[in-house]
Amino acid sequence: MAVIRSSVFLLSFQLLYVAKGSMVWLNKNGYEDLVVAINPQVPEDANIILNTMNMIKNASNYLFETTKHRFFFKSVKIIVPKTWKKNTSYSRLKTESYDKADVIIADHYMKQVDDPYTLQYGGCKEKGRYIHFTPRFLLNDNLTHVYGEKGRVFVHEWAHYRWGVFDEYSSEKPFYVSRNSKEASVEATSCPVGVSGIPVSQDCSEDKCVLQSCGYDGQLYKKGCIFIPDIQQNISSSVMNLQYIPSVVEFCDKNSHNSEAPNMQNKMCNHKSTWEVIMESDDFRNSAVLNASAPPFETTFMLLQAQDRSVAFVLDVSGSMLMYNRLNSLQTAAANFLLHIIEIGSWVGIVTFDSKASEKAPLQQITNDAARNKLCQSLPTFASGLTNICAGIRKGFKLITDKMNTTYGAEIVLLTDGEDPHMHMCFDLVEKSGAKIHTIALGPSADTKLEEFSRKTGGFMLYAVDGNAPDKLTDAFNAVASGSGDISEQSIQLESKELIVQPSEWVNTTVLVDKTVGKDTFFGITWNISQPFFFLRDPKGKEYRSSDFTINNSNPDTARLVISGIAEVGDWQFCIKNVHTATQAISVTATSRPAYSDVPPVSIAAHMNRANSAFNPVVVYAEVSQGFLPVLGATVIATIEKDGAAAVTLELHDNGAGADMMKNDGIYSRYFTSLQGTGRYRLKVNVHGRNTTTRLSLKQNRASYIPGYRKNGKIYMNAPRPKFDDKEIQVKLGSFSRISTSSLLVNTEGDSAPVYPPCKVTDLQAHIENKTIVLSWTAPGGDLDNGKADHYIIKSSENLLDLRNHFDHATPVKSSNLIPKEAGKEELFQITLENFTTKHDTIMYFALRAVDDTNLISEVSNIAQAIWFTPLKVSVPLDYDGNNNSATSTIMLAIVAACLVVVCTIASSGLCFLRKQKGKLDIEALQKHM
């Protein structure tokens, strides 16, 4: 535990559920109902609210200007956590919640990390998940020097979040070789081309840093070289690159876009400008330019405060619930939720419905185990009649208002297995209630419009397949988690497994308890015929027999065990023997809570999304994190089920290929290509880490940290961005496992049977080794990122945009001997330089398409650059006043002379590479002569 505590500065933590549903809508050019949520672990400080308001007000004006008088922020809701003092000016929450906020304010867990960022799962044009700011970013005015004015930063992040554009700078490739001019030259990665400034490197020791000119390492500047822009520029774009420069008041458009720069915008958006992408958005199509110099409305704010959680179970007990053991499964799953999942302090009541509705338990607060057990005794045991969903909802609302006097902020967990043709009659009531409806569809016949309740209110949409064991329904109930953002008391699912056990057969299964959990650890075992023989062994060898487990009379098919204190870290072994004469289904479940209030648990949030693109593929996502830090190197397995179809298992990847948009961001992804027609699909994701040092990572697309700027010839440097060594971003978690459940309703009516081409290659790279061009990429599949392709078509060109726009007419590269590998494997292909006419400043571009065995062809890949370039001029970018003094000139001549000797030596071989040439100038010494 000491390793975890020392390696990560842990102020607080929370779980971010990805069942996101932004409430923002565009009303006559103004964004309404933008939700900002403050994490419950953030200490109370009224200045956080005040500074957030000022940031968004300033952002509204800047957004209006940068979008050419089109968009602004009209209304904002700020969620104040219930941990802060009550205030009569705070309104009660309705369906707003922390987990569905557009902007969250919470601490990072690395020392001095305050980078704003937007979490983006998808590709170009796809909306983000949320924007994140730290309290320190909002409170510390000194951070304006390193990130820029807060309102401008907000607009930069809003463009990520709302329109799915990407950064036009690059921390990995801050410089590149450009052909924008007649001769190749080294340029800063930026948009537009021609940003004025100087490349420098810093040599820091203790508290003192000395600036030096950047030496070359072959074709580019050596690692560590940074670009210092002039604060006074003659450019007006771009917000996604230099929003902190006063003259920047536009996004890069088609005319100003730098299509060569090796940045994420070019990679993700096929070298389109940010403004072109924004122009293709629904927002742009549904708005018009306003004839005004400023937004027509000032941004208004409403402060909301979270309350204690109040939940009404509204459970179907119609006759069909007697089929397929559904009623028993409901009793087990709901009891598990009441006993072990819902948080202390919550209010819970129970309603059942068939043709009419009945109140089984009034709304009451869970204060101890006795209250939990009392509620369990009210769970239904009998089913008959028809299905009247609206009657159940109305009764649920009445149950809540009887205690709370309002339904605002309340939740209903609505479970049904049947249809109700009159369900639409209470849609308006639900929309006006200010309550969330979480829907659980049980079996294949649940009403197809059921999810409308969730869509209208921002609730979870869940689905359970019929089965012999109740584990699938248990998983669905477990997914109905609090949206407060504070998981210090929330339950985390460690295991959920169904075992089919033959007569007299022994089976063993392992439950992993890691260092981040262990409080209130619960183990459950359920059977569908008769009680098996079983025992549970902890990591130290202590055994818990069946007599140590609790079996309730109301639910005799389930045995439960709660470990007192903090559970032992390690492998817990369930040993089970089926003593019945018939095969039976036995399920094992385990949950726990965070062991320590200052150590975030490993968490997983999974969901499926049907992409709004060609072929409409379904994408499976699983975000694995500890606090806000992505967890890398985990094994992530997704299982997708549909009633009447065989389960499909996929391993998800975080490799930046196929469905996965960004490598090493902790978001594991994969295409699901086995759609079986219209219906509900259940997703279950299991994450494992096994006795390894788990590497955590910082967010990939963090806001630009300004290293410094030059003004009137003088350089002003900020403190270097905090650096972290391996010890600070590696945590020995030991073995861990997590479960996450979600679902997706797919409508394929009118669609032809899905046929998928290979996915687009997004990580093509090119480099030169010993007079050979080496292309490398991750193999796509024959069906998107599954299987393998039949062959590749590789093309080259000296013009990047020609290759993008006219791939079929570009010069072919012979690759008939290249046999595609299985999806996810690394491909390497070598091209000899003899096929190309080269000189010292030649740049070639390469792209490819993959073809499957039915001749379906992928999109054109990203474009890779191969360079034959030796800088003939070594810049000495340290002449601040524009005049070369004698000291500078002498050093310049010495460097140029040395460079010419090296160039002449290398030229005889036909390739010129200038390596390890570095000029060093001490700025402090030079400034004495200025």
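These figures come from a predicted structure and were not determined experimentally.

Looking at the sheet that holds strand E46 (residues 811-813)
Okay, so step 1: If you trace the four strands from one edge of the open sheet to the other, you get E46-E45-E48-E49, paired in antiparallel fashion. Across the chains shown, the open sheet's two edge strands, defined by having one partner strand only, are E46 and strand E49 (864-869). Strand-to-strand, the axes of this sheet are offset by a mean angle of 30 degrees, without reference to chain direction.
Okay, so step 2: Examined bridge by bridge, strand E45 (residues 791-797) and strand E48 (residues 841-851) share seven bridges and lie antiparallel to one another. The residue of E48 that forms the bridge with Ile793 is Arg849.

A closer look at the nonpolar core
Okay, so step 1: Leu34, Ile49, Phe73, Phe154, Trp158 and Trp163 are the most contacted members of the largest nonpolar core, which totals 60 residues.
Okay, so step 2: Element by element, the count of residues in this core is highest for helix H2 (residues 46-66), at eight residues.
Okay, so step 3: The residues contacting Phe73, other than those within four sequence positions of it, are Tyr31, Leu34, Ile56, Ala59, Ser60, Leu63, Phe154, Trp158 and Thr299.
Okay, so step 4: Judged by nonpolar contacts, the second largest core, of 50 residues, contains Tyr98, Val619, Val648 and Phe736.

Some details on the side chain of Thr52
Okay, so step 1: Secondary-structure assignment places Thr52 in helix H2.
Okay, so step 2: A polar atom in the side chain of Thr52 sits 2.6 Å from the backbone oxygen of Ile48.
Okay, so step 3: Dropping the residues within four chain positions of it, Thr52 is found in contact with Val36, Ile78, Ile105 and Leu138.

Comments concerning a nonpolar patch on the surface
Okay, so step 1: Taken together, the side chains of Trp506, Phe533 and Val579 define a hydrophobic patch exposed on the protein surface, amounting to about 300 Å² of accessible area.
Okay, so step 2: The topology assignment puts Val579 in the loop between strand E31 (570-577) and strand E32 (584-594).
Okay, so step 3: The class for Val579 is exposed, based on a relative accessible area of 51%.

Overview of the packing of aromatic side chains
Okay, so step 1: Scanning the entire structure with this criterion turns up 37 aromatic pairs.
Okay, so step 2: Between Tyr709 and Tyr716, the ring centres sit 5.4 Å apart and the planes meet at 20 degrees, which makes this aromatic pair stacked.
Okay, so step 3: The class of Tyr716 is partly exposed, set by a relative accessible area of 36%.
Okay, so step 4: Arg129 extends its terminal NZ or CZ atom over the ring of Tyr121, reaching a point 5.0 Å from the ring centre.
Okay, so step 5: We note Arg545 situated over the ring of Phe535; from NZ or CZ to the ring centre the distance is 4.7 Å.

Points about the pattern of salt bridges
Okay, so step 1: Enumeration over the complete set of coordinates arrives at 33 salt bridges.
Okay, so step 2: A salt bridge links Asp33 to Lys77, with the shortest nitrogen-to-oxygen separation between them at 3.7 Å. Taken as a pair, Asp33 in the loop between strand E2 (30-32) and strand E3 (34-38) and Lys77 in strand E5 (residues 75-80) lie far apart in primary sequence, 44 residues in all.
Okay, so step 3: A relative accessible area of 22% means that Asp33 is categorised as partly exposed.
Okay, so step 4: Taken together, the salt bridges that share partners define one network made up of Lys472, Asp475, Glu498, Glu641, Arg682 and Lys684.

Quick notes on the sheet that holds strand E24 (residues 492-501)
Okay, so step 1: One open sheet accounts for five strands, arranged E24-E32-E26-E30-E29; its pairing is antiparallel. Of all strands in the sheet, those bounded by a partner on one side alone are E24 and strand E29 (550-552). Recorded for the sheet is a direction-independent mean angle of 20 degrees between the axes of neighbouring strands.
Okay, so step 2: Sheet topology note: the E24/E32 ladder contains nine bridges and is antiparallel. Bridge pairing in E32 places Leu499 opposite Ile586.
Okay, so step 3: Packed on one face of the sheet, helix H15 (residues 471-478) meets E24 and E32 and runs near 170 degrees to E24.

Points about H2
Okay, so step 1: Between its first and last C-alpha atoms H2 spans 30 Å; for 21 residues at 1.5 Å apiece the expected length is 30 Å, and the two agree.
Okay, so step 2: N-capping of H2 is provided by Asp45, with a side-chain oxygen placed 2.9 Å from the backbone N of Asn47.

Examining the environment of Leu386
Okay, so step 1: Along the polypeptide, Leu386 turns up in the loop between helix H11 (369-376) and helix H12 (389-404).
Okay, so step 2: The spacing of Leu386 and Glu419 is 33 residues in sequence and 9.1 Å in space, taken between C-alpha atoms.

Overview of the packing of helix H10 (residues 326-341) against H11
Okay, so step 1: Here H10 crosses H11 at 170 degrees, and the two axes come no closer than 9 Å. Our classification of the angle between H10 and H11 gives roughly antiparallel. Listed contacts from H11 to Ala335, Leu338, Leu339 and His340 of H10 are Arg372, Asn373, Leu375 and Cys376.
Okay, so step 2: The class makeup of the residues in the contact of H10 with H11 is five nonpolar, two polar and one charged.

Notes on unusual backbone geometry
Okay, so step 1: In this structure, the amide linkage connecting Cys191 to the following residue, Pro192, adopts the cis form with an omega of 5 degrees.
Okay, so step 2: Within the secondary structure layout, Pro192 lies in the loop between strand E11 (185-188) and strand E12 (197-205).
Okay, so step 3: Along the chain, Ser237 connects to Ser238 via a cis peptide bond; the corresponding omega equals 25 degrees.
Okay, so step 4: Inspection of the secondary structure puts Ser238 in the loop between strand E16 (226-229) and helix H6 (239-242).
Okay, so step 5: A positive phi angle, near 50 degrees, is found at Asn770, a position not held by glycine.
Okay, so step 6: When its relative accessible area of 76% is taken as the criterion, Asn770 is described as exposed.
Okay, so step 7: Positive phi, normally seen in glycine, also occurs at Asn855, with a value near 70 degrees.
Okay, so step 8: Position of Asn855 among the secondary structure elements: in the loop between E48 and E49.

Calculation notes
- Residues numbered from 1 in each chain as written.
- Predicted model: local features only at pLDDT ≥ 70, side-chain atom pairs only at ≥ 80, totals over all residues.
- Heavy atoms only, no water.
- Pairing = 2+ DSSP bridges.
- Helix = DSSP H or I, 4+ residues; strand = E, 2+ residues; numbered from the N terminus.
- Axes fitted to C-alpha atoms, helices over the stretch in contact; angles between N-to-C directions.
- Core = buried A, V, L, I, M, F, W, Y, C linked by side-chain atoms within 4.5 Å.
- Buried < 20%, exposed > 50% of the residue type's maximum accessible area, 1.4 Å probe, protein only.
- Contact = heavy atoms within 4.5 Å.
- Polar contact = N/O pair within 3.5 Å; in protein donor to acceptor, adjacent residues only side chain to side chain.
- Patch = residues over 30% accessible without salt bridge, like charges linked within 9 Å, V, L, I, M, F, W, Y side chains within 5 Å.
- Areas by Shrake-Rupley, 256 points an atom, 1.4 Å probe, with all protein chains shown as cover.
- Salt bridge = Lys/Arg side-chain N within 4 Å of Asp/Glu carboxyl O.
- Phe/Tyr/Trp six-rings, centres within 6.5 Å; stacked < 30°, edge-to-face > 60°.
- Lys NZ or Arg CZ within 6 Å of the ring centre and 35° of its normal.
- Expected span 1.5 Å × (residues − 1).
- Parallel < 35°, antiparallel > 145°, perpendicular 65-115°, else oblique.
- Nonpolar A, V, L, I, M, F, W, Y, C, P; charged D, E, K, R; others polar.

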